[in-house]
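Observations on the model geometry
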Amino acid sequence: INSIERAWVSGFILADGCLHGNDSYTIRIALTSKDFEVLEKIKKYMKLDHSIKKVSTLHKTTNKIYNSIELNIARKKLWEDLVKLGIGPNKSKELTLPDIPKHLMRDFIRGIHCGDGGFYIDRDNRLNWTLACPVLSFLEEIQQLLFEECNLEKKTIGSTPNKKCYRLVYGGNNVVRKIFNYLYP
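Residues numbered from 1 in each chain as written. Predicted model: local features only at pLDDT ≥ 70, side-chain atom pairs only at ≥ 80, totals over all residues. Heavy atoms only, no water.

1. A short note on the sheet that holds strand β3 (residues 52-58)
One open sheet accounts for 4 strands, arranged β1-β2-β4-β3; its pairing is antiparallel. Looking at strand neighbours, the two that pair on one side only are β1 (17-20) and β3, the edges of this open sheet. Within the sheet, the average angular offset between the axes of one strand and its neighbour, ignoring direction, is 30°. Of the strand pairs in this sheet, strand β2 (residues 26-32) and strand β4 (residues 65-74) are connected by 7 bridges, and their pairing is antiparallel. Within β4, the position partnered with Thr26 by the bridge is Ala74. (Pairing = 2+ DSSP bridges. Helix = DSSP H or I, 4+ residues; strand = E, 2+ residues; numbered from the N terminus. Axes fitted to C-alpha atoms, helices over the stretch in contact; angles between N-to-C directions.)

Right under this line is the structure:
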């Protein structure tokens, strides 16, 4: 990773992408239809001429049709580079922060945040920042980075009852402002 754009895209692929093996070397990013501009941004950053496909899927349980969009990228070198970074087909079980230049780490984290995080206001009218991930140790690494870069205290990372997803949450206007200023300098 040698640019802000590549760092952000790599983080976003980590959050919302899927790497297919079996010699296809395909990276798929599927989003809701309203996020069309995100895929356009990725195409621009990566200098891709691939088309964005509209997909309709029938959810078997609810019997509702969901519309989404997807970008499929078949590039062996890009696929291999992502795997070298630790973003592979098994990323929902094994994940560590990649060894990238320190000055690009905030952009990588911002890409992850764009896919699996958010800002929200809680019932007490406090601003919150959250990031979700299926790998606890990965969120612990991000928390350590925020501890070092934003001078934040370490918090307990929550989980779903089945421990399939973990969530790092920071609350309070001043604390969230520190995270925002780190991610969006």
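2. Quick notes on the pattern of salt bridges
Throughout the structure, instances matching the rule amount to 5 salt bridges. In this structure, the salt-bridge partner of Asp81 is Lys77, at a minimum N-O distance of 3.0 Å. Pair noted here: Asp81 and Lys77 are both in helix α3 (residues 76-84), with a separation of 4 residues, about one helical turn. Classification of Lys77 by relative accessible area gives exposed; the value is 57%. Residue Asp122 is joined to Arg126 by a salt bridge in which the shortest nitrogen-to-oxygen separation is 3.4 Å. (Salt bridge = Lys/Arg side-chain N within 4 Å of Asp/Glu carboxyl O. Buried < 20%, exposed > 50% of the residue type's maximum accessible area, 1.4 Å probe, protein only.)

3. Things to note about the nonpolar core
Judged by nonpolar contacts, the single largest core of 52 residues is most densely connected at Ile42 and Phe108. If one sorts the elements of this core by residue count, helix α1 (residues 4-16) sits on top with 7 residues. Residues contacting Phe108, with those up to four places away along its chain left out, are Ile1, Ala7, Trp8, Ser10, Gly11, Leu14, Ile87, Leu97, Pro98 and Ile100. (Core = buried A, V, L, I, M, F, W, Y, C linked by side-chain atoms within 4.5 Å. Contact = heavy atoms within 4.5 Å.)

4. Things to note about the environment of Leu146
As for its position among the elements, Leu146 is in helix α5 (residues 136-150). Sequence separation between Leu146 and Ile179 is 33 residues, and the spatial gap between their C-alpha atoms is 7.4 Å. Discounting chain neighbours no more than four positions away, the residues touching Leu146 are Trp129, Asn151, Leu152, Leu168, Tyr170 and Tyr182.

5. Quick notes on α3
Those residues of α3 that fall on the buried side of the exposure criterion are Leu78, Trp79 and Leu82. One side of α3 carries all its buried residues, which in axial view fall inside an arc of 100°. Away from its buried face by more than 90 degrees, α3 exposes Lys77 and Lys84. As for α3, its buried residues are in contact with α1, β1, β2, α2 (36-46) and β4. Of the residues flanking the end of α3, it is Gly86, one or two places downstream, whose phi is positive at about 100°. (Arc of directions from axis to C-beta.)

6. Re the packing of α1 against helix α4 (residues 102-116)
Closest axis-to-axis distance for the α1/α4 pair is 7 Å, and the angle between their directions is 35°. At the point where α1 passes α4, the crossing takes the right-handed sense. Where α1 abuts α4, its residues Ile4, Ala7, Trp8, Ser10, Gly11, Phe12, Leu14, Ala15 and Asp16 lie against Leu104, Asp107, Phe108, Arg110, Gly111, Ile112, Cys114, Gly115 and Asp116. Looking at side-chain class alone, the contact of α1 with α4 contains 10 nonpolar, 4 polar and 4 charged residues. (Left-handed = near helix turned anticlockwise from the far one by under 90°. Nonpolar A, V, L, I, M, F, W, Y, C, P; charged D, E, K, R; others polar.)

7. Here's the deal with the sheet that holds strand β6 (residues 127-133)
Strand pairing in a sheet is mediated by backbone hydrogen bonds. Such pairs are either parallel or antiparallel. The strand order across the open sheet built from 4 strands is β5-β6-β8-β7, with neighbouring strands paired in antiparallel fashion. A single partner strand is all that each edge strand has here, and the edge strands are β5 (117-121) and β7 (158-159). Pairing geometry for β5 and β6, over 5 bridges, is antiparallel. Within β6, the position partnered with Tyr120 by the bridge is Asn128. Each of β5 and β6 touches α4; the most contacted strand, β6, lies at about 90° to it. Against the sheet, α5 engages β6 and β8 (166-171), with an angle of about 25° to β8.

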